[in-house]
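Listed below, chain by chain, are the residues.
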Amino acid sequence: MLVITHDLDPTADYVLRELNARGVPFWRTDVADFPQRMTMTAELGPDGQWIGTLNGALRGVDLSELASVWWRKPTAFQFAAGMSGPEQRFAASQAKRAFAGVLGSLPGVLWVNRPEHNADCTKPAQLTAAAGARLPVPATLVTNVPRAVREFAERCGGRIVTKVLGGIVHTENGQRGQMYTTRVPEDRWDDPRAALTAHLYQQEITDKAYEVRVTCVAGQLFPVRIDAPDGPGRLDWRTDSKNLTYTPERLPEPIRTGILDMLRRLGLVFAAVDLIVDRSGTHWLVDVNPGGQWAWIDVTRDAVTNAIADLLQKGTT
């Protein structure tokens, strides 16, 4: 078993401690270890299968014995400091194709998840898959045309929010920050800065009752209701994480089957799915995170830990 994530990943630690307790062998490494602290030797055999090893300073794995890969939160390849910028960019292109190409070509290996499926799980792709699975999706606009924002807002009754299309973490002038869901007031509907790049806008669910985080592991769903007090957390609970209440939740069967269908369309074995539930009981799909966190929610932590450990140990869905 190969676990690929960065050094400081406490969420992965829960599963790895469980695997250790079970006596299940694994090797934890990171993409950043290649090529300076990790070597790859892979030769194509006459039967079209790769034979060889990945090796680190202390441990390694025989490619023929690899049954599962947990591709969690790896960091970028790291190259020798003396290499020029063009050399490093070329080396990164080579390493990516070799590393992911060889591992991704091994037959019968369980991936949680395949890196290309994680990369393809963009916000537009999520919403398309959700709609195809008959999950309710808020009215959504992706544009860089300021005039289109005003027209969309008027169709939505004047209540729209904007969200980033990628990760919420950003760094500017050495300061690390996060970009949460933001309400867009009328005086910003015609903001000319919208033309500078693509933006995502959605109709705000104004009658929100609560939210649900569903951790999904190979067909098993672990839903938790999230209640936020009045304040900024009502718009985006991530802004008020210290004051949230978590309660085990039961999903309506159409929502459960819709989530499973959506994940099948996205090719995901694992994901963290976020829903907004309005006062009429409609469950609105708002996000699918193929590398989402789950260990901070104590009411489902042990169950998710064991589900992931079971999956990796078994090596098949």
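A brief structural summary.

Calculation notes
- Residues numbered from 1 in each chain as written.
- Predicted model: local features only at pLDDT ≥ 70, side-chain atom pairs only at ≥ 80, totals over all residues.
- Heavy atoms only, no water.
- Axes fitted to C-alpha atoms, helices over the stretch in contact; angles between N-to-C directions.
- Helix = DSSP H or I, 4+ residues; strand = E, 2+ residues; numbered from the N terminus.
- Parallel < 35°, antiparallel > 145°, perpendicular 65-115°, else oblique.
- Left-handed = near helix turned anticlockwise from the far one by under 90°.
- Contact = heavy atoms within 4.5 Å.
- Expected span 1.5 Å × (residues − 1).
- Buried < 20%, exposed > 50% of the residue type's maximum accessible area, 1.4 Å probe, protein only.
- Arc of directions from axis to C-beta.
- Core = buried A, V, L, I, M, F, W, Y, C linked by side-chain atoms within 4.5 Å.
- Pairing = 2+ DSSP bridges.
- Salt bridge = Lys/Arg side-chain N within 4 Å of Asp/Glu carboxyl O.

### Things to note about the packing of helix 4 (residues 123-132) against helix 6 (residues 253-266)
- Packing of helix 4 against helix 6 brings their axes to within 8 Å, and their N-to-C directions diverge by 130°. The orientation of helix 4 relative to helix 6 falls into the category oblique. In terms of crossing hand, the pair formed by helix 4 and helix 6 is right-handed. Where helix 4 approaches helix 6, its residues Ala125, Gln126, Ala129, Ala130 and Gly132 are matched on the opposing element by Asp261, Met262, Arg265 and Leu266.

### Examining helix 6
- Relative to the 20 Å expected for 14 residues at 1.5 Å per residue, helix 6 spans 20 Å between its end C-alpha atoms, a close match to the ideal helical length.
- Of the positions making up helix 6, those classed as buried are Ile255, Gly258, Ile259, Met262, Leu263 and Leu266. Each buried residue of helix 6 lies within a common arc of 130° when the element is viewed along its axis, so the set occupies one face. Seen from the open side of helix 6, the exposed residues pointing more than 90 degrees away from its buried face are Pro254 and Arg264.
- Looking one or two residues beyond helix 6, the residue adopting positive phi is glycine 267, at roughly 70°.

### Description of the nonpolar core
- Core analysis: the largest hydrophobic core is formed by 25 residues, its most contacted members being Ile259, Met262, Val273 and Val288.
- Put simply, the parts of the chain that give this core at least two residues each are helix 4, strand 14 (208-217), helix 6, strand 17 (270-278) and strand 18 (283-289).
- The contacts of methionine 262, once residues within four sequence positions are left out, are Gln126, Ala129, Ala130, Ala133, Leu135, Val273, Leu285 and Val288.

### Thoughts on unusual backbone geometry
- A cis geometry characterises the amide bond from phenylalanine 34 onward to proline 35, with omega recorded as 5°.
- Checked against the element boundaries, proline 35 lands in the loop between strand 2 (27-29) and strand 3 (39-44).
- Following valine 112, the chain continues to asparagine 113 via a peptide bond in cis, the omega torsion being -10°.
- Structurally, asparagine 113 is set in the loop between strand 7 (110-112) and helix 3 (115-120).
- Phi at arginine 134 takes a positive value of approximately 65°, unusual for a residue other than glycine.
- Among the secondary structure elements, arginine 134 is positioned in the loop between helix 4 and strand 8 (140-143).
- At alanine 218, a position not held by glycine, the phi torsion is positive, near 50°.
- Along the chain, the position of alanine 218 falls in the loop between strand 14 and strand 15 (220-227).
- With relative accessibility at 31%, the residue alanine 218 sits in the partly exposed group.

### Some words on the sheet that holds strand 15
- In spatial order, the strands read 16-15-14-17-18; together these 5 strands make up an open sheet with antiparallel pairing. Since the sheet does not close on itself, it has two edges, and those belong to strand 16 (245-248) and strand 18, each with one partner. Each strand of the sheet is rotated relative to its neighbour by a mean of 25°, with strand direction disregarded.
- The pairing of strand 14 with strand 15 spans 7 bridges and is classified as antiparallel.

### Some points on the pattern of salt bridges
- Tallying each qualifying case throughout the model produces 20 salt bridges.
- A cluster of three or more residues bridged by salt bridges with shared partners is formed by Arg150, Glu154, Glu186 and Asp190.

### Side note on helix 2 (residues 85-104)
- In this model helix 2 runs 28 Å from its N-terminal to its C-terminal C-alpha over 20 residues, within 8% of the 28 Å that 1.5 Å per residue would give.
- Lining the buried residues of helix 2 we find strand 1 (2-4), strand 3, strand 4 (50-55), strand 6 (68-71) and strand 7.

### Quick notes on the sheet that holds strand 3
- Sheet architecture is open: 3 strands sit in the order 3-4-5, paired in antiparallel fashion. Where the open sheet ends on each side, the last strands, each with one partner, are strand 3 and strand 5 (60-62). Taken pair by pair, the neighbouring strands of this sheet meet at an average axis angle of 5°, ignoring direction.
- With respect to the sheet, helix 2 is in contact with strand 3 and strand 4, its orientation differing from that of strand 3 by roughly 50°.

Treat this as a map of the structure, not an account of what it does.
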